[in-house]
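# Structure assessment
The primary structure of each chain is shown beneath.
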Amino acid sequence: MARSLRLILASAAAALAVTGSAQAAGGNYGFDGGTPKQHAQIKAALDASAFDWSIVPAHITIHVAPGTGSYAMPGHIWIDADLLSAGRFAWATVQDEYGHQVDFFLLDAAKRETLRRALGAKDWCYGVQGLLHGEYGCERFSSTLVWSYWQSADNAYRPTAKGDESGAMAPAAFRALLGTMIGAPDRTAVVRTTSAVKKRK
């Protein structure tokens, strides 16, 4: 009986280890407002991306409410509850706002300047007034992150021209740069394989 108990405990520990690593890739966040169905949409959006959100060294509070618009501040994300009713179409926006947390917590002035040049932006983040949304580096960064780590036909940020916010850099080059700059692992092959297996099932 003691041997059986040890086997059960070992199996449970192994299962927890697998579950823990999967949750870690999904980030460290909690919700303020919203329904379980809306929370599930946000989790699915983050899980669809090959970006390892767990490298953001902070707990993020995701506020969900109708009519709020979608935006981010350090440690906080606001998602419009009405947007989440669009299902997978909303996923890119969720990833975009979490992408700003990567900027807030993992980039410094030197890294931002390197990225600004690489992405062809005129200013990093609203230090210069009057530019178009896509001319700010922080917006190009989060949009490019969304497309580079979730190249799906369902991605609303899929670029249609080189000048698009999300198309300033080739995805592989962007992932390589973030790997060097902030140690972001490139999990795209793993995520694609997992998605293909799920579709076959």
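In short, a report on the structure.

We now examine the overall build of the protein. The secondary structure content of the protein amounts to eight helices and four strands. For the protein, the α and β elements follow one another from N to C terminus as α-β-α-β-β-β-α-α-α-α-α-α. For the protein, the residues scored as buried account for 41% of the 201 residues in total. Here the protein displays about 10,500 Å² of accessible surface, and carbon together with sulfur accounts for 60% of that area.

A few words now on the packing of helix α2 (residues 36–48) against helix α4 (residues 91–106). Relative to each other, α2 and α4 sit at 75°, their axes nearing to 9 Å. When the axis of α2 is compared with that of α4, the two are roughly perpendicular. Residue-level contacts link Q41, I42, A44, A45, L46 and A48 of α2 to W91, V94, Q95 and Y98 of α4. Counted by class, the contact of α2 with α4 contains eight nonpolar, two polar and no charged residues.

Structurally, Q101 can be placed in helix α4. As a C-alpha pair, Q101 and P57 span 44 residues in sequence and 9.4 Å in three-dimensional space. Other than its neighbours up to four places away in sequence, Q101 contacts V56, I60, A72, M73, P74, G75, H76, I77 and L106. A polar contact of 2.9 Å, which involves the side chain of Q101, links it to the backbone oxygen of M73.

Two elements in contact, helix α5 (residues 109–119) and helix α7 (residues 171–182), have axes separated by 12 Å at closest approach and are oriented at 170°. In this view, α5 runs roughly antiparallel relative to α7, as classed from their interaxial angle. Residues K111, T114, L115, A118 and L119 of α5 lie in contact with α7, whose contacting residues are F174, L177, L178, M181 and I182. Of the residues belonging to the contact of α5 with α7, the class tally is eight nonpolar, one polar and one charged.

The rules we used
Residues numbered from 1 in each chain as written. Predicted model: local features only at pLDDT ≥ 70, side-chain atom pairs only at ≥ 80, totals over all residues. Heavy atoms only, no water. Helix = DSSP H or I, 4+ residues; strand = E, 2+ residues; numbered from the N terminus. Buried < 20%, exposed > 50% of the residue type's maximum accessible area, 1.4 Å probe, protein only. Areas by Shrake-Rupley, 256 points an atom, 1.4 Å probe, with all protein chains shown as cover. Axes fitted to C-alpha atoms, helices over the stretch in contact; angles between N-to-C directions. Parallel < 35°, antiparallel > 145°, perpendicular 65-115°, else oblique. Contact = heavy atoms within 4.5 Å. Nonpolar A, V, L, I, M, F, W, Y, C, P; charged D, E, K, R; others polar. Polar contact = N/O pair within 3.5 Å; in protein donor to acceptor, adjacent residues only side chain to side chain.

Distances and angles like these do not, on their own, reveal function.
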